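For reference, the chains in residue letters:
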Amino acid sequence: MLGRLNHVAIAVPDLEQGIATYRNTLGADVSAPQPEPDHGVTVVFITLPNTKIELLEPLGENSPIKGFLEKNPSGGIHHICYEVDDIISARDMLSAQGARVLGDGEPKIGAHGKPVLFLHPKDFCGTLVELEQA
Ligand code: CO
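Description of the structure in this document. It should be emphasised that the depicted structure is a prediction, and the values quoted were computed from it without experimental measurement.

**So, the coordination of the cobalt ion**
Here the cobalt ion is held by His7 (NE2), His79 (NE2) and Glu130 (OE), and the distances to it run 2.0 to 2.1 Å. The sequence pattern describing where the donors of the cobalt ion fall on their chain is H-x71-H-x50-E. Of this pair, His79 sits in strand 6 (residues 76–84) while Glu130 is found in strand 9 (residues 129–133), placing the two residues 51 residues apart along the sequence. Each member of the pair, His79 as well as Glu130, carries the same accessibility label: buried.

And the structure:
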């Protein structure tokens, strides 16, 4: 069912500092910041030869990464995103096995313009998992 690793997302308290770390210290190709008000984050994409890294900074008062940053004040790995060929059949197969899909269970359009879902970390080795339609 699982396809490619689409991205690893890192929550950061200060996006400018995160951009500087990846662009200047690590010499990576970092995009312009993209506000995603529907998801409560501002994101930049870092393109690597085999995958992407996303840096997420809270946007707005009810950002879903606010609590994570309170527990991890210097930032940290927030989720990993795997591609699936058919997000609805993947969701139904996982739900049938007892895995919890977050929110109302319906895919939302993610930062790359494709449908995404999030799976409960307690069901996946303590890691928040995002599925993205390939
Ligand atoms: Co993501």
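**Digging into unusual backbone geometry**
Despite not being glycine, Cys125 shows a phi value in the positive range, around 60 degrees. Assignment of secondary structure puts Cys125 in the loop between strand 8 (115–119) and strand 9.

**Observations regarding the side chain of His7**
Note on placement: His7 falls in strand 1 (residues 5–11). A distance of 3.5 Å separates the side chain of His7 from the side chain of His79, its partner in a polar contact.

**Here we look at the environment of Leu117**
In this structure, Leu117 sits in strand 8. On the basis of relative accessible area, Leu117 is assigned to the buried category, the value being 3%. Through-space distance from the C-alpha of Leu117 to that of Val129 is 8.3 Å; in sequence the pair is 12 residues apart. Not counting the four nearest positions on each side in its chain, Leu117 is found in contact with Ile87, Arg91, Val101, Gly105, Glu106, Pro107, Val129, Glu130 and Leu131.

**Focus: the pattern of salt bridges**
This structure, assessed with the given rule, holds four salt bridges. For Glu106, the salt bridge is made with Arg91, and the minimal N-O distance between the two is 3.3 Å. Residue Glu106 is found in the loop between helix 3 (87–96) and strand 7 (108–109), and its partner Arg91 is found in helix 3; the two are separated by 15 residues along the sequence. Overall, the relative accessible area of 14% leaves Arg91 in the buried class. Taken together, the shared-partner salt bridges connect Arg91, Asp92 and Glu106 into one network.

**Side note on the pairing of strand 6**
With respect to burial, strand 6 is a largely interior element, seven of its nine residues being buried. Across five bridges, the pairing between strand 6 and strand 9 is parallel. Each residue of the ladder has a partner; that of Cys81, found in strand 9, is Glu130.

**Some points on the layout of surface pockets**
Using a probe with the size of a water molecule, rolled over the atoms, empty space left in the structure can be pinpointed. Its boundaries defined by the atoms lining it, the largest pocket holds a volume of some 540 Å³. Lining the largest pocket are 27 residues; nearest its centre among them are His39, Pro64, Val116, Phe118 and Glu130. In terms of residue count, strand 8 provides more of the lining of the largest pocket than any other element does, three residues in total. Within the lining of the largest pocket, the residues separate by chemical class into 12 nonpolar, eight polar and seven charged.

**Here's the deal with helix 3**
For helix 3, the complete set of buried residues consists of Ile87, Ala90, Arg91 and Leu94. For helix 3, the angular spread of the buried residues around the axis is 100 degrees, confining them to a single face. Turning to helix 3, the residues buried within the fold contact strand 6, strand 8 and strand 9. Its side-chain oxygen placed 3.1 Å from the backbone nitrogen of Ile88, Asp86 serves as the N-cap of helix 3. The positive-phi residue at the C-terminal boundary of helix 3 is Gly98, with phi of around 95 degrees.

Reading guide: rules and limits
- Residues numbered from 1 in each chain as written.
- Predicted model: local features only at pLDDT ≥ 70, side-chain atom pairs only at ≥ 80, totals over all residues.
- Heavy atoms only, no water.
- Donors = N, O, S within 2.8 Å, 3.2 Å for Na, K, Ca; no water.
- Helix = DSSP H or I, 4+ residues; strand = E, 2+ residues; numbered from the N terminus.
- Buried < 20%, exposed > 50% of the residue type's maximum accessible area, 1.4 Å probe, protein only.
- Polar contact = N/O pair within 3.5 Å; in protein donor to acceptor, adjacent residues only side chain to side chain.
- Contact = heavy atoms within 4.5 Å.
- Salt bridge = Lys/Arg side-chain N within 4 Å of Asp/Glu carboxyl O.
- Pairing = 2+ DSSP bridges.
- 1 Å grid on protein atoms, 1.4 Å probe; cavity = no way out; pocket = protein on both sides within 12 Å on 5 of 7 lines; lining within 4 Å.
- Points joined across faces, edges and corners; volume = space filled by probe spheres on them.
- Nonpolar A, V, L, I, M, F, W, Y, C, P; charged D, E, K, R; others polar.
- Arc of directions from axis to C-beta.

Just geometry here; none of it tells us what the structure is for.
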